[in-house]
Number of protein chains: 2
Amino acid sequence: MNIGDVATASGLPAKTIRYYEDIALVTPKREANGYRVFSENDLHKLRFLARARALGFAIEDCRTLLALYEDKGRSSAEVKELSRKHLDDIDQKIAQLQSMRNTLSHLVEACAGDHRPDCPILNDLGQ
Amino acid sequence: MNIGDVATASGLPAKTIRYYEDIALVTPKREANGYRVFSENDLHKLRFLARARALGFAIEDCRTLLALYEDKGRSSAEVKELSRKHLDDIDQKIAQLQSMRNTLSHLVEACAGDHRPDCPILNDLGQ
DNA sequence: CTTGACCTTCCAGTGACTGGAAGGCCCATG
DNA sequence: CATGGGCCTTCCAGTCACTGGAAGGTCAAG
């Protein structure tokens, strides 16, 4: 398979796949003409990466997860620990966004949004 | 005031304030020795920026908001529109994170997290 | 033989800082 | 007067995970 094929099959842009090769997450072979050749296993890895990234795991975490995935003797504790930490991160981010949302939605509601210059949003920011 | 003073007073790191000068969000004067001198108005702007950033507004939005803040003839409609869009962005981000959180928390719960290699998290990623 | 869809590499930019090096300035103490 | 410590300065590089674009090679169809 060429890069376009695995891009379609994995849902990742070709650019991203090249980048993943750059940072050694996948290591496709090369044809005589220089084109990358992807095996089924490469595609499987790319799909794994796409899913892990979609869950918000950082690239370096994806690298770790992929290594654990391929290590048939790993303990699931390590995976769970990594995932639990990531879940905590997500919860923190959500909490932060919720707090922004709270403040901002109050301000937006209080703002008339007409041609007049009086604006509770700017008033608040200018405290 | 020197940069250290406004850093303390605004809560922004000195590095960040220098960066804000770089991108022309503030324009402090200079003393003969090259040190930046910040006026009360500069400090006021920095506090405005700190609050706007804390609400998650992008730097370019902050620039716009600051300009509107200083334009005493602005219409509040423009401010409200910008804020409403930002609120939508926040909502989208929250939704995305919630969906990650959902999936991931189910997986984490399903994972024994012991010495055995069987792991629902990796099984899911490897689909 | 040309066209168009692939593919390649390399370089630069994104956003909003952040860290660190190398060096100047200022004040107080010995 | 020297020195030490805490300010301040500039400049460069790195972060994260791509993304865009230029310049050019390859391949199959018509």
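Up top is the structure these notes are about.
Attention in this report is confined to the structure presented alongside it. Keep in mind it's a predicted model, so treat the numbers as computed, not measured. Each residue is numbered by its place in its chain's sequence as written, counting from 1. For naming, the first written chain is A and the first written ligand is 1, with later ones following in the order written. Only residues with pLDDT of 70 or above have their local features reported here, since the model is predicted, and side-chain atom pairs are shown and tallied only from 80 upward, although totals for entire chains, interfaces and linings are computed over all residues. Water and hydrogen atoms were dropped before computing side-chain values, which therefore reflect all heavy atoms in the structure.

1. Let's talk about the protein's contact with DNA strand D
Okay, step 1: Definition of nearness: a residue and a molecule or strand are near each other if at least one heavy atom of the residue lies within 4 Å of the molecule or strand. Surrounding DNA strand D, one finds 19 residues, the nearest of these being Lys 15, Tyr 20 and Tyr 35 of chain A together with Gly 4 and Arg 36 of chain B.
Okay, step 2: Within 4 Å of the protein, the contacting atoms of DNA strand D are drawn from sugar and phosphate to the extent of 68%.
Okay, step 3: Within the side chain of Tyr 20 of chain A, a nitrogen or oxygen atom sits 2.7 Å from a phosphate oxygen of DNA strand D.
Okay, step 4: At 2.9 Å from a base nitrogen of DNA strand D is found a side-chain nitrogen or oxygen belonging to Tyr 35 of chain A. Whenever a nitrogen or oxygen atom comes within 3.5 Å of another N or O atom, the pair is scored as a polar contact, on the condition that within protein one atom can donate a hydrogen and the other can accept it, and that pairs from neighbouring residues in sequence are kept only if both atoms are in side chains.

2. Details of the interface of chain A and chain B
Okay, step 1: Taken together, the contacts link 51 residues of chain A with 52 residues of chain B.
Okay, step 2: Defined in terms of a 1.4 Å probe, buried area is the accessible area two parts forfeit on being brought together, summed over both. Both sides together, the interface formed by chain A and chain B hides about 4,500 Å², and carbon and sulfur atoms give 71% of it.
Okay, step 3: Salt bridges are defined as contacts in which a side-chain nitrogen from Lys or Arg sits within 4 Å of a carboxyl oxygen from Asp or Glu. The interface formed by chain A and chain B contains four salt bridges.
Okay, step 4: Seen at the junction of chain A and chain B, the total is 18 residue pairs in polar contact (both at pLDDT 80 or more).
Okay, step 5: Helix and strand definitions here come from DSSP, where helices need a minimum of 4 consecutive H or I residues and strands a minimum of 2 consecutive E residues; each element is numbered from the N-terminal end. When residues of the side of chain A that touches chain B are traced back to their parent elements, those giving at least two are α3 (40–54), α4 (59–70), α5 (76–110) and α6 (120–125) of chain A.
Okay, step 6: No other element matches α5 of chain A, which puts 21 residues into the side of chain A that touches chain B. Two residues qualify as a contact provided that any one of their heavy atoms is within 4.5 Å of a heavy atom in the partner residue.

3. Section: the relation of the copies chain A and chain B
Okay, step 1: Each copy superposes on the other: chain A lies on chain B with an RMSD of 0.0 Å after a rotation of 180° and an axial shift of 0.0 Å. As the rotation angle and translation indicate, the two copies are arranged about a two-fold axis. Measuring from the rotation axis to each C-alpha of chain A, the shortest distance belongs to Ile 94 of chain A, at 3.0 Å.
Okay, step 2: Looking at chain A, 100% of its interface residues are interface residues in chain B too, so the copies touch through the same face. A residue counts toward the fit only if its pLDDT is at least 70 in both copies, and the copies are then superposed by least squares on the C-alpha atoms of those residues.

4. Considering the side chain of Asp 42 of chain A
Residue and element names in this part refer to chain A.
Okay, step 1: With respect to the helices, strands and loops of the structure, Asp 42 is situated in helix α3.
Okay, step 2: Any residue under 20% of the maximum accessible area for its type is buried, any over 50% is exposed, and the rest in between are partly exposed; the area is computed with a 1.4 Å probe on protein chains only. Counting rule for charge: Lys and Arg are taken as positive, Asp and Glu as negative, and neither His nor the chain ends is counted. Of the side chains with opposite charge, Lys 45 lies nearest to the buried Asp 42, which makes no salt bridge, at 5.1 Å.
Okay, step 3: Not counting residues up to four positions away in its chain, the partners in contact with Asp 42 are Val 26, Thr 27, Pro 28 and Val 37.

In short, shape yes, function no, at least from these values alone.
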